[in-house]
Amino acid sequence: MGRDRSCCACAVTECFALVDCNNFYASCERVFQPNLRGRPVVILSNNDGCVIARSNEAKALGIEMGAPWHQHKQPFEKQGVIVRSSNYTLYGNMSARVMKTLRQFSPNLEVYSIDEAFLSFDGFDGRMESHAREVRARVYQWTGIPVSIGIAPTKTLAKIANRAAKKNPASGGVQILMDSAEQEALLDQLKLEDVWGIAKRLSRRLGEIGITTPLQLRQADAPFIRERFGVVVERIVLELRGQSCLELDEVPSNRKSLVSSRSFGRSIHSLQEMREAVSTYASRACEKMRRQNLATANLIVFIETNPFRTQDQHYRASQSIQLPLASSDTGRITTAALSALDAVWKPGYSFKKAGVMLLDLVSATHVTSTLFDVPDSVSSQSRMKAMDALNRRFGRDTVILGSSGVKPKWSLRREMLSPCYSTDWRELVRVG
Ligand SMILES: [Mg+2]
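Attention in this report is confined to the structure presented alongside it. What you are looking at is a predicted structure, and each value in this text was computed from that prediction instead of being measured.

## Thoughts on the overall build of the protein chain
A tally of regular secondary structure across the protein chain gives 14 helices and 13 strands. Expressed as a percentage of its 432 residues, the buried residues of the protein chain come to 50%. Long-range contacts, defined here as pairs at least 24 residues apart, represent 69% of the contacts in the protein chain between residues at least 6 apart. Surface accessibility of the protein chain: about 21,500 Å² in total, with carbon and sulfur atoms responsible for 51%.

Right, dumping it as structure tokens:
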């Protein structure tokens, strides 16, 4: 959102709203088939392998994520469960409509995943709740997708508020968590793993020093936590206290999807330049994915003109594409992303933004081969590891694919960026 987030001692209370679509894939199916409302709906993965999304009614029946379809076909039929194959073109398109509606409420929008976005609610003070209810009503009216909204002074607390909005029907889909006593009461009821960025292993390590609830973590001694667990965990402590200081990328949570997308420094008109941009975003997304040892078989590429330039003609399009098997190889993912781009590219427009979404992330260690396709080879994995290590050490984009372009002109507007004196060889301070 373009604000300085490096300082943890915030003088002014910020306010974030996390808008999250309820049971997104199932809700998308329901928009065009209203007879599915109120009924248990499940969505299956590629080739109808297993359950990857469920409506509330399906969750209530005890249907688990990952349940293999061939084993559950008959019980599903008996229970009246409606089954749909995944339709990423539909989900990508519905996601774009939701985000477009949200953008009307705040240009300060961070799309976090296919069905989640953070909005700045700064300055709304007493009108926060009515504003949130308006957002919710408008998204439903314009897109047919129900959303839940959590509002809090930090992103981590906004996530928690959102969860509460979903779990508690009395909230009517909006939960405000600005008050310190209310934050404490809610944090006391949750498990550590319910907190954004805390995975099982970290929660176990925290348990070893007697921290077993998010409330205890909030009350822990921050310098001690930093010394023992590092700066990322210390920031979670501060965020739980209501001090906003967490960058999105710094939260390694168990995510289901991720997005790499930015506005360009200047408009793009040629396919060649757009290929470079999409290629770069695909690489960045793959890097993020590999950091969490994840892989994907589903991606969506989108391109758009600037919706705020009324004098221009507008075009926004997205294309989904599936790989035969989940992969985290930058080469494979980029090739797929570029073919998706070719399918939506239209000349004659001024493009301002593009992005790559990786969906339905799965653990990279559990990808098994099929008759025709094999997972990423060991040599591909070690090549990727080497590439990530070099980029970490010498700065982003030290090693890139040829398709990303050398010194691209479209790249992000980063005029305000200070040199990376300490992390980039090319920007070392010169003496003499
Ligand atoms: Mg959701």
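From this point, things continue past the structure.
## A closer look at the packing of aromatic side chains
Each pair of aromatic rings is reported with the distance of its centres and the angle of its planes. If you walk through the whole model with that rule in mind, you get 13 aromatic pairs. Between Y315 and Y349 the ring centres are 5.2 Å apart and the planes differ by 25 degrees, which places this aromatic pair in the stacked class. Placement of the pair is Y315 in the loop between β10 (294-305) and β11 (316-327) and Y349 in the loop between α13 (330-344) and β12 (351-359), with a sequence separation of 34 residues. The residues Y315 and Y349 share a single accessibility class, namely buried. Cluster of aromatic residues (ring-pair linked, three or more members): F24, Y25, Y88 and Y91. The cationic tip of R138 hangs over the ring face of W142; the distance from NZ or CZ to the ring centre is 5.2 Å. In this structure, K155 is placed above the aromatic ring of F118, and the distance from its NZ or CZ to the ring centre is 5.5 Å.

## A short note on the sheet that holds strand β3 (residues 51-54)
Consider a sheet: its strands pair through backbone hydrogen bonds, and that pairing is either parallel or antiparallel. Pairing is mixed in the open sheet, where 3 strands are placed in the order β3-β2-β4. In this open sheet, the two strands that pair with only one neighbour each are β3 and β4 (82-85). The average undirected angle you get between the axes of adjacent strands in this sheet is 30 degrees. Here 4 bridges tie strand β2 (residues 41-44) to β4, and the two strands are oriented parallel to one another. Directly across from I43, in β4, lies its bridge partner R84.

## Concerning the pattern of salt bridges
Opposite charge on two side chains lets them pair, provided their charged atoms get close. All told, the structure shown has 14 salt bridges when counted by the stated rule. For the salt bridge of E134 with R138, the shortest nitrogen-to-oxygen distance reads 3.5 Å. With E134 and R138 both in helix α5 (residues 128-143) and 4 residues apart, the pair spans about one turn of that helix. Taking the shortest distance from any N to any O, the salt bridge between R266 and E273 comes out at 2.7 Å. Here E273 falls in the buried class, since its relative accessible area comes to 15%.

## Quick look at the pairing of β2
Side chains of β2 alternate between two faces, with V41 and I43 and V42 and L44 buried alike. Between the end of β2 and the start of β3, which pair antiparallel, lie 6 residues, with N47 showing a positive phi angle near 55 degrees.

## As for helix α12 (residues 271-291)
A rise of 1.5 Å per residue sets the reference length of α12, with its 21 residues, at 30 Å; its end C-alpha atoms lie 30 Å apart and thus fit the reference within 8%. Burial of α12 is extensive: 17 of the 21 residues sit out of reach of the surface. Backbone geometry just after α12 places N293 at a positive phi near 55 degrees.

## A look at the sheet that holds strand β5 (residues 109-113)
With mixed pairing, the 5 strands of this open sheet are ordered in space as β5-β6-β1-β7-β8. Taken across any chain shown, the strands that pair with only one partner, and hence form the sheet edges, are β5 and β8 (174-176). Between one strand and the next, the sheet's axes are offset by a mean angle of 15 degrees, whatever the strand orientation. On top of the sheet, helix α4 (residues 88-103) reaches β1 (16-21), β5 and β6 (116-120); it is set at about 155 degrees to β5, its chief contact.

## Some remarks on the environment of A96
Locating A96 in the fold gives a position in helix α4. Taking the C-alpha atoms as reference points, A96 and R316, 220 residues apart in sequence, are found 8.7 Å from one another.

## Some remarks on the nonpolar core
Grouped together as the largest cluster of nonpolar side chains are 43 residues, with contacts concentrated most on F24, Y25, Y91, L102, F121, I149 and I151. The dominant element in this core, judged by the number of residues it contributes, is α4, at 7 residues. Two domains share this core, each providing at least three of its residues, namely domain 1 (11-176) and domain 3 (258-404).

## Examining unusual backbone geometry
The backbone of N293 shows a phi angle near 55 degrees, a positive value even though the residue is not glycine. Looking at N293, the relative accessible area reads 40%, which means it is partly exposed. Residue D360 is not a glycine yet carries a positive backbone phi of 45 degrees. Within the secondary structure, D360 is located in the loop between β12 and β13 (362-363). On the accessibility criterion, D360 (17% relative accessible area) is buried.

Basis of the calculations
- Residues numbered from 1 in each chain as written.
- Predicted model: local features only at pLDDT ≥ 70, side-chain atom pairs only at ≥ 80, totals over all residues.
- Heavy atoms only, no water.
- Helix = DSSP H or I, 4+ residues; strand = E, 2+ residues; numbered from the N terminus.
- Buried < 20%, exposed > 50% of the residue type's maximum accessible area, 1.4 Å probe, protein only.
- Contact = heavy atoms within 4.5 Å.
- Areas by Shrake-Rupley, 256 points an atom, 1.4 Å probe, with all protein chains shown as cover.
- Phe/Tyr/Trp six-rings, centres within 6.5 Å; stacked < 30°, edge-to-face > 60°.
- Lys NZ or Arg CZ within 6 Å of the ring centre and 35° of its normal.
- Pairing = 2+ DSSP bridges.
- Axes fitted to C-alpha atoms, helices over the stretch in contact; angles between N-to-C directions.
- Salt bridge = Lys/Arg side-chain N within 4 Å of Asp/Glu carboxyl O.
- Expected span 1.5 Å × (residues − 1).
- Core = buried A, V, L, I, M, F, W, Y, C linked by side-chain atoms within 4.5 Å.
- Domains from an automatic or database assignment.

The values are spatial; any link to function lies outside them.
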